[in-house]
Number of protein chains: 2
Amino acid sequence: MRIAVDVMGGDDAPDAILKGCFAGLEHLSPEDTLALVGPRGAIEETLSEHGVDDARLEIVDAPDVIDMGESPAMAVRSKPDSSIVRMAYIGSHRTDLETRADAVISAGNTGACVTAGIMQMKRLPGVHRPGIAVVMPSFHGDMILCDAGANPEPKATHLWQYGIMGEALARKLLGMPKPRVALLNIGSEEGKGTGIIKETRDLLRATPGIDYVGYIEGRSLFSGVADVVVTDGFLGNAMLKTAEGLASSIFKAITQEIVELDPELMLRFEPIARAIYAKNDYHTYGGAPLLGVNGTMFIAHGSSEPRTIANAIRTTRQYVSLGVNEEMARRVAECEALEQPVDA
Amino acid sequence: MRIAVDVMGGDDAPDAILKGCFAGLEHLSPEDTLALVGPRGAIEETLSEHGVDDARLEIVDAPDVIDMGESPAMAVRSKPDSSIVRMAYIGSHRTDLETRADAVISAGNTGACVTAGIMQMKRLPGVHRPGIAVVMPSFHGDMILCDAGANPEPKATHLWQYGIMGEALARKLLGMPKPRVALLNIGSEEGKGTGIIKETRDLLRATPGIDYVGYIEGRSLFSGVADVVVTDGFLGNAMLKTAEGLASSIFKAITQEIVELDPELMLRFEPIARAIYAKNDYHTYGGAPLLGVNGTMFIAHGSSEPRTIANAIRTTRQYVSLGVNEEMARRVAECEALEQPVDA
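Description of the structure in this document.

## With respect to the state of the cysteines
Residues and elements named next belong to chain A.
Stage number 1. A full pass over the atoms with the stated rule returns 0 disulfides over all chains.
Stage number 2. You can see Cys21 has no disulfide; the closest cysteine sulfur is in Cys113, sitting 14 Å from it.
Stage number 3. This cysteine, Cys146, is not joined by any disulfide, and Cys335 carries the nearest cysteine sulfur, 14 Å off.
Stage number 4. Cys146 sits in the buried class, given a relative accessible area of 0%.

Structure, rendered in structure tokens:
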């Protein structure tokens, strides 16, 4: 297997990313290769600095970089030599078989990854619009949220396919025998929500092989009542970031109160906080797959640490080995072939 | 001043609501009256049970009830004798001056409150669509989020007016001299977001008297960088509920870890948690005003406790005394009169 990593993506690139790649080698077999995509000189320098010499490491030269703040469409168009575009290219079927990567990973500009991924890899047959699937810790086991930002204004058929692909992901990658699929809405009552939401509900409800459990409200998101939560990319992204910001604010507030009210408690509270972080660690999976492209792309958090990237290497390898894309393509074809429900 | 409370709204109605009304009397002057809207018999019974006899209390008989799960539009149309519809009616200018309430409060079905409010009270001159403004604690002082659920699919002009009305609310009710207004988006870069978001940004930026500080991401929502956050009702509602669910999940997770790792810590952690709750208590304001209706309606949380309702009575009284609606109407008229920016 061949995995390619954009070494220029993320807040602490290329250092954190390269360190993550070195650590990730342990998840690869002797026949696997890890392609480091970025400026050749800088990569070679870091390799020799760290005394890393592993025959499984390759360099794919990409002299240009897309910054975190750049407009995705414009950057992807104007920077064909950037690490993100080169990475997406070698992860696509446009590449010769011997240089093609089975999976690619970037912690860079999310929008640019999505744009480059769709442009280079194209879509799985039958998929209308790719979506980002994030595996979130929920205090009750893992949960998949899709879309987390690729498609801010989806149609009902896009959301429906996020349900189908998310369900396949939960079954294959997370090993859930019968994932419960829910649709994020502003209320759990049937009458709530926009026209698109109701249309998506009707589609999901009528789809064989989907255990559709109904609407879910934000309030219940972390209470373990669903395994796959379908939402649009705007809301999904905002929710994820809100959750992230709020969790960190709560722990800061706790620290502040402890310092004020009971400073001696600090030492004893630390292991508690550490245990919670360990159980709810977004670094565990390393990144979020872009579901629906004809290839395997994982988008890692901008603040990825070396262990995040090492975990992403482990997860993408599993993803490819388990045939997640093949299963998604099979399910999408199967469901698209069904008669669509008459306007319910 | 006359304030009307729907005693049948909320999970613990009518008991918790009536107790809240009794407690709320302390916020009223001797000339004020508090109208209890609900089934006369049940209210009289509770009054005598609690030995409450206050000349400022009145009963407005409303024999019917709209349940939490009912479809708002249908329920409001088919239940003219429900406490929500009666309450909205007496809070409107359709009522005779002597029976008219200056403000109304309900912890009932939010959608029904919004529907009844708009139908009965009509809109402030110039306002396109009313929106719910929630005052949220943010670890850095209070923050207003608007819309929190009244208008799930707003146009840019609706969002723009939420900024204008929210700014007036922050200035008048929260006493902020120059509230910072931000627009919730999936990124802080200018290129991010949907067409409606960009159109709203252009409108807000071109509006005199608005300190528009740019896009805000969910991640920064609780970090004190904005005083008024504008968003659509779908996202606003989902965010609020997610925040609520997550905060409660985190405290549950902490309790669980403490019990497992260091049970003796429990007693010492409790005051810390209490201090944080006290500083971030959604009961403080008692409810969320429906901005833009020609009247004053506060919508309280479904799980309102007696103190929530007492606080809502205090807050609505301030809201009316401070002339918040008048200020919003003045600002909306002033801004609507401006030349609209040419397609930016």
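Moving on from the coordinates now.
## Observations regarding the sheet that holds strand 1 (residues 2–6) of chain B
Backbone hydrogen bonds hold the strands of a sheet together, and the pairing may be parallel or antiparallel.
All names here are of chain B.
Stage number 1. With mixed pairing, 11 strands are arranged side by side in an open sheet as 3-2-1-4-11-10-5-6-9-7-8. Here the strands that pair on one side only, and so sit at the sheet edges, are strand 3 (57–61) and strand 8 (211–216). Here the average twist between neighbouring strands, direction ignored, is 25°.
Stage number 2. For strand 2 (residues 33–38) and strand 3, the ladder comprises 5 bridges, and the chain directions are parallel. By the bridge assignment for strand 3, Gly38 is matched with Asp61.

## Some words on the relation of the copies chain A and chain B
Stage number 1. With an RMSD of 0.0 Å, chain A superimposes on chain B once it is rotated by 180° and translated 0.0 Å along the axis. The transformation relating the two chain copies, once decomposed into turn and shift, fits a two-fold axis.
Stage number 2. Mapped onto chain B, 100% of the interface residues of chain A again fall at the interface, so both copies present the same surface.

## Points about the packing of aromatic side chains
To describe a pair of aromatic rings, you give the distance between the ring centres and the angle between the ring planes.
Stage number 1. Tallying each qualifying case throughout the model produces 5 aromatic pairs over all chains.
Stage number 2. Consider the rings of Phe269(A) and Phe269(B), whose centres lie 5.4 Å apart with planes at 5°: the pair is stacked. With one member in each of two chains, Phe269(A) in helix 9 (residues 265–279) and Phe269(B) in helix 9 (residues 265–279) form a pair that bridges those chains.
Stage number 3. The exposure class assigned to Phe269(B) is buried, which follows from its relative accessible area of 3%.
Stage number 4. Considering the side-chain rings of Phe251(B) and Tyr277(B), the 5.2 Å spacing of their centres and the 35° angle between planes classify their relative orientation as tilted. Here Tyr277(B) lies in helix 9 and Phe251(B) lies in helix 8 (residues 233–261), a separation of 26 residues in the sequence.

## Re helix 7 (residues 195–205) of chain B
Stage number 1. Those residues of helix 7 of chain B lying buried are Ile197(B), Thr200(B), Arg201(B), Asp202(B), Leu203(B) and Leu204(B).
Stage number 2. Buried residues along helix 7 of chain B sit against helix 8 (233–261) of chain A together with helix 6 (156–172), strand 7 (180–184) and strand 8 of chain B.

## Considering unusual backbone geometry
Outside of glycine, negative phi angles account for most residues, and trans bonds account for most peptide bonds.
Residue and element names in this part refer to chain A.
Stage number 1. At the junction of Ala13 and Pro14, the peptide bond is cis and its omega measures out at 0° in the coordinates.
Stage number 2. Position of Pro14 relative to the elements: it lies in the loop between strand 1 (2–6) and helix 1 (15–24).
Stage number 3. The omega torsion of the bond from Cys146 to Asp147 falls at 5°, within 30 degrees of zero and hence cis.
Stage number 4. Note on placement: Asp147 falls in the loop between strand 6 (142–146) and helix 6 (156–172).
Stage number 5. Within the chain, Lys122 stands out as a residue other than glycine whose phi angle is a positive 60°.
Stage number 6. Tracing the sequence through the fold places Lys122 in the loop between helix 5 (110–121) and strand 5 (131–137).
Stage number 7. For Lys122, a relative accessible area of 47% gives the class partly exposed.

## Some points on the nonpolar core
Stage number 1. Counting residues in each nonpolar core, the largest one holds 231 residues, and the members touching the most others are Leu34(A), Ile254(A), Leu34(B) and Ile254(B).
Stage number 2. In this structure, Ile254(A) is in contact with Phe269(A), Phe251(B), Ile254(B), Phe269(B), Ile272(B) and Ile276(B), ignoring residues within four places of it in sequence.

## So, a positive patch on the surface
Stage number 1. Taken together, the side chains of Arg94(B), Lys122(B), Arg123(B), Arg129(B) and Lys155(B) define a basic patch exposed on the protein surface.
Stage number 2. Structurally, the position occupied by Arg129(B) is in the loop between helix 5 (110–121) and strand 5 (131–137).

## What about the interface of chain A and chain B?
Buried accessible area, meaning the area lost when the parts come together, often serves as the stated size of an interface.
Stage number 1. With 50 residues of chain A at the interface, the matching set in chain B holds 50 residues.
Stage number 2. In this assembly, chain A packs against chain B so that about 4,600 Å² is buried in total across both faces, 72% of it on carbon and sulfur atoms.
Stage number 3. A per-residue breakdown of the area chain A buries against chain B is headed by Ile186(A), Phe234(A) and Arg268(A), which together make up 15% of the total.
Stage number 4. On inspection of chain A and its partner chain B, the count reaches 8 salt bridges.
Stage number 5. Measuring nitrogen to oxygen at the nearest pair gives 2.4 Å for the salt bridge that ties Glu217(A) to Lys241(B).
Stage number 6. Where chain A meets chain B, there are 10 residue pairs in polar contact (both at pLDDT 80 or more).
Stage number 7. If you list the elements that add at least two residues to the side of chain A that touches chain B, you get helix 8 and helix 9 of chain A.
Stage number 8. Element by element, the count of residues in the side of chain A that touches chain B is highest for helix 8 of chain A, at 22 residues.
Stage number 9. Residues belonging to the side of chain A that touches chain B are distributed by class as follows: 27 nonpolar, 11 polar and 12 charged.

## Quick notes on the sheet that holds strand 6 of chain A
All names here are of chain A.
Stage number 1. Ordered by their spatial adjacency, 11 strands build an open sheet running 3-2-1-4-11-10-5-6-9-7-8, and the pairing between neighbours is mixed. Each edge of the open sheet is held by one strand with a lone partner, namely strand 3 (57–61) and strand 8 (211–216). The average angle at which neighbouring strand axes cross in this sheet is 25°, direction not considered.
Stage number 2. Bridge analysis of strand 1 against strand 2 (residues 33–38) gives 5 bridges, and the strand direction is parallel. Its bridge partner lying in strand 2, Ile3 is registered against Leu34.

## Section: the side chain of Asp232(A)
Residues and elements named next belong to chain A.
Stage number 1. Its place among the elements puts Asp232 in the loop between strand 9 (228–230) and helix 8.
Stage number 2. Nearest to the buried, unbridged Asp232 among oppositely charged side chains is Arg129, at 11 Å.
Stage number 3. Polar side-chain contacts of Asp232 include one of 2.8 Å to the backbone nitrogen of Leu235.
Stage number 4. Once residues within four sequence positions are removed from consideration, Asp232 is found in contact with Asp147, Asn151, Pro152, Pro154 and Leu159.

The rules behind the values
Residues numbered from 1 in each chain as written. Chains lettered and ligands numbered in written order. Predicted model: local features only at pLDDT ≥ 70, side-chain atom pairs only at ≥ 80, totals over all residues. Heavy atoms only, no water. Disulfide = S-S within 2.5 Å. Buried < 20%, exposed > 50% of the residue type's maximum accessible area, 1.4 Å probe, protein only. Pairing = 2+ DSSP bridges. Helix = DSSP H or I, 4+ residues; strand = E, 2+ residues; numbered from the N terminus. Axes fitted to C-alpha atoms, helices over the stretch in contact; angles between N-to-C directions. Least-squares fit on C-alpha atoms with pLDDT ≥ 70 in both. Contact = heavy atoms within 4.5 Å. Phe/Tyr/Trp six-rings, centres within 6.5 Å; stacked < 30°, edge-to-face > 60°. Core = buried A, V, L, I, M, F, W, Y, C linked by side-chain atoms within 4.5 Å. Patch = residues over 30% accessible without salt bridge, like charges linked within 9 Å, V, L, I, M, F, W, Y side chains within 5 Å. Areas by Shrake-Rupley, 256 points an atom, 1.4 Å probe, with all protein chains shown as cover. Salt bridge = Lys/Arg side-chain N within 4 Å of Asp/Glu carboxyl O. Lys, Arg positive; Asp, Glu negative; His and termini not counted. Charge placed at Lys NZ, Arg CZ, Asp CG, Glu CD. Buried area = accessible area lost by both parts, 1.4 Å probe. Polar contact = N/O pair within 3.5 Å; in protein donor to acceptor, adjacent residues only side chain to side chain. Nonpolar A, V, L, I, M, F, W, Y, C, P; charged D, E, K, R; others polar.

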